[in-house]
Each structure stands twice: as C-alpha cells, then as structure tokens.
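Report on the structure
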Amino acid sequence: MKSHARAVVIGGGVVGCSVLYHLAKAGWTDVMLIERSELTSGSSWHAAGGFHTLNGDPNVAKLQAYTVSLYDELEKLSGQSCGLHLTGGVMMADSPERMDFLRLVHAKGRYLGMETELITPSEAKAMFPLMDESNFVGALWDPVEGHLDPSGTTHAYAKAAQKLGAEIVLRNRVLELTQEADGTWNVVTEQGTVKADHVVNAGGLWAREVGRMVGLELPLLAMEHMYLLTDEMPEVLEFNAKTGRELVGVIDFKGEIYTRQERSGILLGTYEKACKPWSPVNTPWDFGHELLAPDLDRIAPSLEVGFRHFPALENAGIKQIINGPFTFAPDGNPLVGPVPGLTNYWTACAVMAGFSQGGGVGLALSNWMVNGDPGADIWGMDVSRYGEWATLRYTNAKVRENYSRRFSISFPNEELPAARPQQTTPLYDVMTRDNHAVMGNSWGLETPLWFAPSGQDAHDVLSFHRSNDFEHIGNEVRAVRERVGVTEIANFAKYRVSGQGAEAWLSHLMTNTMPKTGRIILTPMLNEFGKLIGDFTIAKVADEDFMVWGSSAAQRYHMRWFEKHLPADSPFRIHRYDLSLVGLSIAGPRARDLLAKLTDDDVSNAAFRFMDFRQMDVGGAPCMVNRVTYTGDLGYEIWMEPAYELAVYRAIKAAGEEFGIADFGMRALLSMRLEKNFPTWFRELRPIYGPFEGGMERFIKLSKNDFIGREAAVREHADGPKLMRTSFLVDALDADVMGDEPVWAKVGDTDYGTVEAPHGYGAPRFNGDGTEIEKPEGGTLRDGDWRVVGWITSGGYAHTIGSSMAQGYIPAALAANGDAGLFEIEIMGIRRPARIALEAPFDPTGEKMRS
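The numbers attached to residues start from 1 for each chain and follow its sequence in the written order. Local features in a predicted model are, by the rule used here, given only for residues with pLDDT of at least 70; side-chain atom pairs are given and counted only at 80 or more, and totals for whole chains, interfaces and linings are based on all residues. With hydrogens and water excluded, all non-hydrogen atoms of the structure serve as input to the side-chain values.

Digging into the overall build of the protein chain
To keep it simple, the criterion reads: Each helix is a run of DSSP H or I of at least 4 residues and each strand a run of E of at least 2, with the numbering of both proceeding from the N terminus. The quantity called the radius of gyration is restricted to C-alpha atoms. Its globule counterpart is 2.2 Å times the number of residues to the power 0.38. Only the protein chains shown count as cover for residues, and all accessible areas are computed by the Shrake-Rupley method using a 1.4 Å probe. Lys and Arg are tallied as positive, Asp and Glu as negative. Neither His nor the chain termini are counted. In plain terms, the charge of a residue is placed at NZ if it is Lys, CZ if Arg, CG if Asp and CD if Glu.
The number of helices and strands found in the protein chain is 19 helices and 39 strands. Here the C-alpha atoms of the protein chain give a radius of gyration of 28 Å, agreeing with the 29 Å that 2.2 N^0.38 yields for 851 residues. Across its three principal axes, the protein chain shows a C-alpha extent of roughly 85 × 65 × 60 Å. Of the roughly 30900 Å² of accessible surface on the protein chain, 49% is carried by carbon and sulfur atoms. Looking at the protein chain, you have 81 positive and 110 negative side-chain charges, and the mean spots of the two groups are 3 Å apart.

With respect to the nonpolar core
Selection criterion: Here, nonpolar core refers to any group of buried Ala, Val, Leu, Ile, Met, Phe, Trp, Tyr and Cys residues whose side-chain atoms link them within 4.5 Å. When accessible area is computed with a 1.4 Å probe and restricted to protein chains, residues below 20% of their type maximum are described as buried, those above 50% as exposed, and intermediate ones as partly exposed.
Within the largest apolar cluster, 121 residues are counted, with the highest numbers of intra-cluster contacts made by Met510 and Phe562. Sort the elements by how many residues they give to this core and helix H1 (residues 14-25) lands first, with eight residues. Val430, Phe451, Met640 and Ile652 belong to the second-largest nonpolar core, a separate cluster that totals 34 residues.

As for helix H16 (residues 642-656)
Put simply, the test is: Given a helix with a known number of residues, its expected span is that number minus one, times 1.5 Å. Comment: arc refers to directions from the helix axis out to C-beta atoms.
For H16, which comprises 15 residues, the first-to-last C-alpha distance of 21 Å matches the rise-based estimate of 21 Å (1.5 Å per residue) to within 8%. When H16 is considered as a whole, its buried residues turn out to be Glu645, Val648, Tyr649, Ile652, Ala655 and Gly656. End-on view of H16: buried residues confined to an arc of 140°, all on one side of the axis. Set apart from the buried face of H16 by more than 90 degrees, the exposed residues are Ala643, Arg650 and Ala654.

Things to note about unusual backbone geometry
Put simply, Arg420 and Pro421 share a cis peptide bond, and its omega is -5°. Along the polypeptide, Pro421 turns up in the loop between helix H10 (392-404) and helix H11 (428-434). One non-glycine residue, Arg263, lies in the positive phi region at around 55°. Within the element layout of this structure, Arg263 appears in the loop between strand S14 (257-262) and strand S15 (265-270). By relative accessible area, Arg263 is classed as exposed at 69%.

Regarding the sheet that holds strand S28 (residues 582-587)
Note the following rule: Any two strands with at least two DSSP-identified bridges between them are counted as paired. When checking whether two residues touch, look at their non-hydrogen atoms; a contact exists if any pair is within 4.5 Å. Orientation is described by axes fitted as lines to C-alpha atoms, over the contacting stretch for helices, and by angles from 0 to 180 degrees between their N-to-C directions.
A sheet is described by the order of its strands in space; here six strands give the open sequence S29-S30-S31-S28-S22-S32, paired in mixed fashion. Edge strands, defined here as strands with exactly one partner in the open sheet, are strand S29 (613-618) and strand S32 (662-663). Summarising the sheet, strand S30 (residues 621-626) and strand S31 (residues 635-640) pair through three bridges and their orientation is antiparallel. Residue pairing across strands places Met624 opposite Trp639, the latter belonging to S31. Here H16 sits on the sheet and contacts strand S22 (485-488), S28, S29, S30, S31 and S32; the angle it forms with S28, its principal contact strand, is near 15°.

Quick look at a negative patch on the surface
Put simply, the rule reads: Patch construction takes residues with relative accessible area above 30% that form no salt bridge. Like charges are linked within 9 Å, and nonpolar side chains (Val, Leu, Ile, Met, Phe, Trp, Tyr) are linked within 5 Å. Criterion for a salt bridge: a side-chain nitrogen of Lys or Arg within 4 Å of a carboxyl oxygen of Asp or Glu.
A contiguous patch of negative charge on the surface is contributed by Asp600, Asp601, Asp602 and Asp617. Secondary-structure assignment places Asp617 in strand S29.

Thoughts on the pairing of strand S6 (residues 138-142)
In terms of burial, S6 is largely enclosed, as five of its five residues are buried. Residues Gly138, Leu140 and Asp142 line one face of S6 and the alternating positions Ala139 and Trp141 line the opposite face, and both faces are buried. When strand S4 (residues 89-93) meets S6, the two strands line up antiparallel, connected through five bridges. Bridging from a neighbouring strand, Gly89 pairs with Asp142 of S6. Here three bridges tie strand S5 (residues 117-119) to S6, and the two strands are oriented antiparallel to one another. Residue pairing in the sheet places Ile119 in a bridge with Ala139 of S6.

Some remarks on the pattern of salt bridges
Under the defined criterion, the tally for this structure stands at 45 salt bridges. Notably, a salt bridge pairs Glu414 with Arg405, separated by 3.1 Å at the nearest N-O pair. Look at Glu414 and you get buried, because its relative accessible area is 18%. Overall, the relative accessible area of 18% leaves Arg405 in the buried class. For Asp578, the salt bridge identified is with Arg576, shortest N-O distance 3.8 Å. Pair check on accessibility: Asp578 and Arg576 agree, each one buried.

What to know about the layout of surface pockets
What counts here: Points on a 1 Å grid, built from protein atoms alone, make a cavity when a 1.4 Å probe fits but cannot get out and make a pocket when they are open with protein on both sides within 12 Å along at least 5 of 7 lines; residues with an atom within 4 Å of a point are the lining residues. Grid points are joined across faces, edges and corners, and a volume is the space filled by probe spheres set on the points.
The space that makes up the second largest pocket amounts to roughly 1200 Å³. In terms of lining, the second largest pocket is formed by 49 residues, of which the most central are Gly372, Asp373, Pro374, Asn527 and Phe529. At the level of secondary structure, the elements contributing two or more residues to the lining of the second largest pocket comprise strand S19 (345-349), helix H9 (354-371), helix H14 (555-564) and helix H18 (710-719). The dominant element in the lining of the second largest pocket, judged by the number of residues it contributes, is H14, at five residues.

As for the packing of H1 against H9
Quick reminder of the rule: For classification purposes, an angle smaller than 35 degrees is called roughly parallel, one larger than 145 roughly antiparallel, one from 65 to 115 roughly perpendicular, and anything else oblique. A clockwise turn of the near helix away from the far one marks a right-handed crossing, whereas an anticlockwise turn of less than a right angle marks a left-handed crossing.
For the pair H1 and H9, the least separation of the axes is 8 Å and the interaxial angle reads 40°. Relative to H9, the element H1 lies oblique. Classified by chirality, the crossing of H9 by H1 is right-handed. For the pair formed by H1 and H9, the contact residues are Val14, Val15, Ser18, Val19, His22 and Leu23 on the first element and Gly354, Phe355, Gly358, Gly359, Val361, Gly362, Leu363, Leu365, Ser366, Met369 and Val370 on the second.

Overview of the sheet that holds strand S25 (residues 532-542)
The strands that make up a sheet are held in pairs by hydrogen bonds between backbone atoms, and each pair lies either parallel or antiparallel. With antiparallel pairing, five strands are arranged side by side in an open sheet as S24-S25-S26-S23-S27. Looking at which strands have only one partner, the edges of the open sheet turn out to be strand S24 (520-526) and strand S27 (573-576). Taken pair by pair, the neighbouring strands of this sheet meet at an average axis angle of 30°, ignoring direction. The pairing of S25 with strand S26 (residues 545-551) spans five bridges and is classified as antiparallel.

Overview of the environment of Lys254
Inspection of the secondary structure puts Lys254 in the loop between strand S13 (249-252) and S14. What makes Lys254 partly exposed here is its relative accessible area of 47%. Leave out the neighbours within four places in its chain, and Lys254 touches Asp94, Val305 and His309.

What follows is the structure, given as structure tokens:
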C-alpha cells in the first residue's frame, strides 16, 4: 500500500468504485480506494440490480441516464461483463390520481427527450402477461429500464479504474481520520497510514461512522429491504419462447412492489409501509456478506395485492428471500459533494439506487474535485441541502417515512408530517392555534402556507388540481393588494458581513455594485463559469458592515462558497444568523400607514424611500427594516431577535385592525410574485442558467470590478443568451402549472434549432397529435408544426389578475413573441393555450413599490 495518494476513496461498493474510476478517467491516477473487506461487501452485493432513468428531479434523471449509457463503455474498457439486460419497464396506474401522476412524468419526459409512452393496461399485459389488467387504468412505458449483475458491474468499475492507474486496497479498515494544518489528511488504517490531499466518504452502510471520524453526523439511515425470487415459472418460459424476449420490469404502485424476470422466474421486491430500520444508531464493523432474517409477515399486505394483480405469482414457489440493508437520506436522494466547514472532505453516500445513480454520482463528484464544479446542477443530491436540524432522530423518522412512501403519490400541495415540528419560531402556537395556519416545512422550519377559516378546515385536501386552499389564498392576496397583510419571513437566510475589507470582498462575489449606507441592492452571485448560484438582498448598515439575505434552503450551500473564497487571515467575518434573527413582512397600499403607527421614525416616502434600510424601533422593539417586499407592492421587511417577534406581531395586528389587516402565507406570496414576473431561487435561478438567460441583466454590472464569473458573463452578453426566462399567461382548466411541464410552440418557416435542456437531452420535435416528426430536408420545420421548445420552472394562479401563470425557459429567439396561438403548455396530458406576458401583469412600472 502506498503511503501517499492524491485522493483516498473509503468504501468498495458500486459508488466508491465509480468515484475511483471517474477520478482516474479525469486524470487523477494517483488515487486509492480502501475497503474494509471485499468489494461489494456492504449493500451492493445483494442489490436487486434494477436501473431506470426516470426521477422526480430532472437533473438527477440526467445523471441516471448517463449511468445507464456508461455500462457498454465500462464493459469494453474493463473486460468485465455488467450482465446488462435492457428490457424496458412499465409503471402501472390503478387509479385516476395515479394516472395523473404518470401523465406528469410522461410530459416531463418530453422535454428531457425520453421516449416514454402512455399505454393501456392491455398493452402492458402483452409485455408482462402475468398481470390481471382489470386492476389497472393505464400505464407508462419506458424503454430505458432493465437490470444487471451488481457484483459484475462493481468489479467492472474497479477493473477500469485499475487499468487507468488507480490502486485498490482490500481487507483494510479505516480506523481514524485526522487533518494536518496544511489541509492534508491522515487516513489511518489497519495496514498503516496514508497521506491524502482529499478524502471521499463512500462508506455506504458505514458512511455515518466515517463521517463521525471528522465530527460529522450525516443524515442517512439503513433500512431493511426485502425481495424474493420464485422458482421456475411456466408462464415465464412460455413468454420467452413465444417472443424471444425477457419480461419487462413492472412497478405496481398500489402493491408497493416491483418485479422483473430473474432467470426463468420472477424477482419481486417491496417498499412496504411497515418498514424497519437497521442499526439506527451504529453500524457494526463486522457486518459483511450476510443477509438479515426474512420477515414475510411484514410484507404480507404487499404480497396480497401483488398476488391479486399478478395471479400467476400466487402459485409460484419461493426459491429465496433476500433481506438486506440499504442506506437512504431523508428525501431518498444521495448525499454528494464537499462538506461545508471541512477542507477536501467529500461525500458520495446514501445512494440507495446505486446502479441507476452510481455512474452519475461518480462523474459529478470527480468533476467537482478536479475542475471545481460538478458540471451539472446536482442540488437535489448536494450534501449541503441539509442543515444542523437534520439530527439523528429527525433523519431516522424522515427516512422511515420516505421509504414507506416510495411508491405513494406525491401531490404538489402535500406536506409530510414525520419529525415535525423540528424548528419553530415564537409565533408557531399563535399561527396554528389562533390563526388556523396550515404549516409547511421550509428547510426544517415550520412556515405558514395559508390560513383557514377554522381549525377544522386547516388542512390540505391533496390534489393535482386546485384544492381547498384556492379560495383562501385568493382572499389573502386580495387583502394585500387592496389593504394590508402581514406574513412571517423567518425562513430567509440571514448573514452579516462586517470588518475591514468586507465591501471589497462582497463586491468580488456579487455582480451588482454594493449599496451606499442605508440603501439596499439586489444581486445575483455567479460561479467561475458564469452560472447563477445565488440571489441576494444586501443592505449597507455602516462602513464595512453589511446585512445579507438569501434563500434559507441554500444557507450551507452558500456558506460553503463564502468560506471557499475567504482570504487567508481575513480581517472581516461572516455571521450566519439562522433563527437567531426572525422577520415579519407587511405589504399593501396601507402598509406605510400601518408602519407609521408602530414607530416614532419618519417613514414618509421622502424620508424612507424604496430600497432604503433603517434601524428603528417597531412596536417598541429594536428592529432592522427594509423597504422592499417580494409581493411587488408597497411593503416592508421587519427583522428582530426572536425574543421580540411575538410582541411586534401583536403590535402589527392591533395597529392594523383599522386598515383591515389580514395574515397571508407563503402560497399567497408566491402567487403575487408570479404576477410581478419575479423569479425564485432553485426554480428559475439555478446553476444551469446564465444571468442574462435568467433575465437578471439589471443587476449585472459588467463595468465594475472583476467579480467571479465576469468573463463568462461578458461572453454571454456579447453572444446573446440562447435561452430566456419567460413568463406565460396560461388558459388553464382546474389545474395550474406546477413545474417541469413542456412548452410547445407552433413554428413557421424559421428553424429555431433544438435547444438542449440543461437538465437532460435535447427536446424532440412533435406534430400536433403528439407524434414525433422528422426534420424536413433543408433544415426547417413546416408551417403549422408543433414541437417542444422549452420547459416550465414554476407556476400557479395569479389571483389579482385572475389568470393561471407560469415561468420557464424557451429559446431566446421566441421569447419576445407575445402573439396568441403560438404556445401551449402541457398540464397533465392536456395542452393548454399560453401566451408570453411581455411585461408584469401587475403594476408593470413598479409604481406601487416606489410610491
């Protein structure tokens, strides 16, 4: 074993071997993988080996597609078979609600370039004749699904990495990790110590233990997962002989089961409601090539449904029951990337779908380590998406919930209850008990979504269509637009940057010029490649003293970036407030009148202008006040320590009574921002978009200092953006746009080109009836042809203007066309007319905010 390596990967499962291979392929050949036992000794060896490309996050779907496409190359390079079976698969819908879900998945696949197809139960039965099609109402066919040999695939990664110069050391447990002052790591093992510049935690079942070696509690938990293998089945043999093909894979959402052919029988696995964690606190180091005791009683309800839906299985003998542990994060996605607060400590763990995602995880992490950027938008997998609130017990409760719901419908207005409330503000009891607020989980914090007329009504009726909150959100919006409203905004990220050099440093990070004392600016933040990685409000409190507000979900993501770019021995400091600073926002035409009753300061329009910042007493409490709101109306953000929040809120409600004040929640706020064409972070503004594509040109000062990403921004400005964030007015029925729907356009003689979606694969072309069309000779589309030209990032109903609205990205050449009849947006399988809103439908000149 060598005594030094550029990077040490800890863990020899499919993910660790993928990371090793991709690092070596990227040119880091001085890399080493250390495994406590043999390759695949954790979860990889007993995995069912299925793979697919579909995922709720289109960015993760792209990496899954890469993983599947990699296997052929991997076999050729390594000389090791992956045992690939590309059978295709069907998802079976047993109810109209599940069929709506499949329509959403299919629509998303259009702009990702996936070749999915909605089919009938009879068509599904033709591919899997073991089913009783009378139990289903429809299905979704995906040709890019199948299964492989888990052990062979893992060894293919390992052999390919070794051929490129990487080293693998087996039967050698890592005992300790320590870091030197220069940032290098001491990887202390049973066979000695390895000096490493980088450490990758790909520990799988032992990732928590490897994290604890550096004081890190990773949010992951292992769950027992069972599948069974049947004896040889004549029905399977008959199908194979008749068609010359394998049976396709099947997901039966009602039964919470998946099936595929295994030799001449069937593999059937479950994600049962009565799920069971494995080793919820500590993972034993001596666990290895072992299985857990089967428990058929626990999965009996799923099997009963499975036997009804697939009658032939009831008479099949069970050859073997596999019960083994797999690790999950609270949301089911991996934990990938550099850990905030640590230097060159990387994670690649909680990858429960290792044979769908392992290649993509290895690619993204190697890009990140070698090039400083993952090369894709992997927010859905970024380890920084969890905060300190994701404790061991919180994680365990959330993982159990996620596992038990893996095949359940996820509705757009659904808030899951496990481990809540985890974080609350002083207003929690008032909001829930007195105001009948329906609460949502915002980065671990309870946040009001909407307000019901009574406690009995304070719940969401889950639906893909407009639901019971629709009327009440409308009332909240009208209260703000006509009178005044108050909402809690504690779920913002809050920072203070102060000390000598603070202004120059912020100016280097941000695209806008820094504000003068007592003023506020809005500014994006770019990475080195000129892509949007942040969107902030910055107020200058005093010389070299700034308040910064941003997205709460990105707090650790942004702190990691801030720390990365801090100069050595920095004389200034960054303080993250989290919940030590909370806030309330008042907005509406009577907001100034309300504030005037709460403070002794002059808050007239002349004395307290739009985008001003002041420190003043509000309701007798010391506060910081911004004259700005996300509603796009006259309004103020009022920030205070938690000890004062209840008193300030009560003062606001009492003083606002004469103005008809009303509480409004996050859903009303998001409705109002739509009619102002305001973007949201991690929807419209993400690391796959440039600042001019995102419509942020007002805040990009190319003439100022050399801020990070400036060169790329200059190129984007000179060349012109290829895509453009665009706002649509949508002729919706009883369901509004939610996000990830395709945008269709009726094109004429001009070919605008196929714009590749940053999420995935270029958008295919379609006729009006949905069939794909050939590009005619000469390179243009025929007049009247329809094709998918873009995708929706977010949407909803704009109550002030009485219209459904959406935002999304389309080719820049189309984005200035406000003609009716040119665009359609597909909402649950129905294409609805849409037209571009060339200016904000509400107060397009911004007069209400400024007056």
